[in-house]
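# Coordinate analysis (summary)
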Amino acid sequence: MKVDAPIALISASYSDRDRAVDDFEAVWRVRHEGDFHHTAIALLASDGAHGLHVERTNNTAKHLEWGGALLGAPLFVLAPETGTELLAAVGLSGAGAIACHVRLNASPVELATSARVLRSGACSLVLVVVNRRGEEVTQLLTQADRTSSVDLVWGDLEEELSRDFATPMSGPVLVAV
């Protein structure tokens, strides 16, 4: 991957689930157009006082060792409880490297705005798109009440991922019986 390849982290909120599903499908339909690399998207539903719940996902990187973390780790940065839910389902491989990359290379103000957008509607979408800028994808979200995007670059993420896999998270754990 080129070090200057863009990564867009996009949030959108909706007052109506059907409108969110329409935008989910619109983004998924065009995922291969242009200078495509990877697209990951999740539909999140508000479950009242408990926050957001992952209702539906799709991810072109799911076959990669770190594929689940492409969406799960940035979602963990924006909405930790929801990101944890997704990472528990898809696995932790690469999550530390990707979450750290987002935290260190994205604007904290833009991340905070995106987190607020996720929580501002009855349901929301979160997307991670590699090789596209946020403005290119945000225009596909025609049904959204609010949108926010955070642009960053691939940079040294590949090297970070390599270190993440090369270094075990912990050694053996002894359990007393």
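Below you will find a few notes about this structure. What you see is a predicted model, and the numbers here were worked out from it, not measured in a lab.

Criteria and cut-off values
Residues numbered from 1 in each chain as written. Predicted model: local features only at pLDDT ≥ 70, side-chain atom pairs only at ≥ 80, totals over all residues. Heavy atoms only, no water. Helix = DSSP H or I, 4+ residues; strand = E, 2+ residues; numbered from the N terminus. Rg over C-alpha atoms; globule rule 2.2 N^0.38 Å. Contact = heavy atoms within 4.5 Å. Areas by Shrake-Rupley, 256 points an atom, 1.4 Å probe, with all protein chains shown as cover. Lys, Arg positive; Asp, Glu negative; His and termini not counted. Charge placed at Lys NZ, Arg CZ, Asp CG, Glu CD. Phe/Tyr/Trp six-rings, centres within 6.5 Å; stacked < 30°, edge-to-face > 60°. Lys NZ or Arg CZ within 6 Å of the ring centre and 35° of its normal. Salt bridge = Lys/Arg side-chain N within 4 Å of Asp/Glu carboxyl O. Buried < 20%, exposed > 50% of the residue type's maximum accessible area, 1.4 Å probe, protein only. Axes fitted to C-alpha atoms, helices over the stretch in contact; angles between N-to-C directions. Parallel < 35°, antiparallel > 145°, perpendicular 65-115°, else oblique. Left-handed = near helix turned anticlockwise from the far one by under 90°. Nonpolar A, V, L, I, M, F, W, Y, C, P; charged D, E, K, R; others polar. Pairing = 2+ DSSP bridges.

### Overview of the overall build of the protein chain
Counting its secondary structure elements, the protein chain contains seven helices and five strands. The order of helices and strands in the protein chain, counted from the N terminus, is β-α-β-β-α-α-α-α-β-α-β-α. In terms of overall size, the protein chain behaves like a compact globule, its C-alpha atoms giving a radius of gyration of 16 Å where 177 residues would be expected to give roughly 16 Å. In terms of its C-alpha atoms, the protein chain occupies a principal-axis envelope of roughly 50 × 45 × 30 Å. Sequence separation of at least 24 residues holds for 77% of the intrachain contacts in the protein chain that already meet a minimum separation of 6. Looking at the protein chain as shown, the accessible area adds up to about 8,900 Å², and 54% of this sits on carbon and sulfur atoms. Averaging the locations of the 14 positively and 23 negatively charged side chains of the protein chain gives two centres separated by 2 Å.

### A few points about the packing of aromatic side chains
Enumeration according to the criterion identifies one aromatic pair in this entry. Taking NZ or CZ as reference, Arg-56 lies 4.5 Å from the ring centre of Phe-24, over its face.

### As for the pattern of salt bridges
All chains considered together, the criterion is met by five salt bridges. Across the salt bridge formed by Arg-56 and Glu-25, the nearest N and O atoms sit 3.4 Å from each other. Here Arg-56 is found in strand 3 (residues 52-59), whereas its partner Glu-25 is found in helix 1 (residues 17-29), with 31 residues between them in sequence. With relative accessibility at 29%, the residue Arg-56 sits in the partly exposed group. The class for Glu-25 is partly exposed, based on a relative accessible area of 32%. For Arg-119, the salt bridge is made with Glu-81, and the minimal N-O distance between the two is 3.2 Å. Here Arg-119 is found in the loop between helix 5 (108-118) and strand 4 (123-130), whereas its partner Glu-81 is found in helix 3 (residues 80-90), with 38 residues between them in sequence. Residue classification places Arg-119 among the partly exposed positions, given a relative accessible area of 42%. With a relative accessible area of 37%, Glu-81 lands in the partly exposed category.

### Points about the packing of helix 2 (residues 67-78) against helix 4 (residues 95-105)
The N-to-C vectors of helix 2 and helix 4 enclose an angle of 50°; their axes lie 8 Å apart at closest approach. Accordingly, the angle class assigned to the pair helix 2 and helix 4 is oblique. The two elements helix 2 and helix 4 cross, and the hand of that crossing is right-handed. Of the residues in helix 4, those touching helix 2 at Ala-69, Leu-70, Ala-73, Pro-74 and Val-77 are Ala-95, Ile-98, Ala-99 and Val-102. Classifying every residue of the contact of helix 2 with helix 4 by side-chain character gives nine nonpolar, no polar and no charged.

### Concerning the pairing of strand 3
As judged from the seven bridges shared by strand 2 (residues 38-46) and strand 3, these two strands associate in the antiparallel manner. Along strand 3, the bridge assignment pairs Ile-41 with Asn-58.

Note that all results are geometric; they support no functional claim without further evidence.
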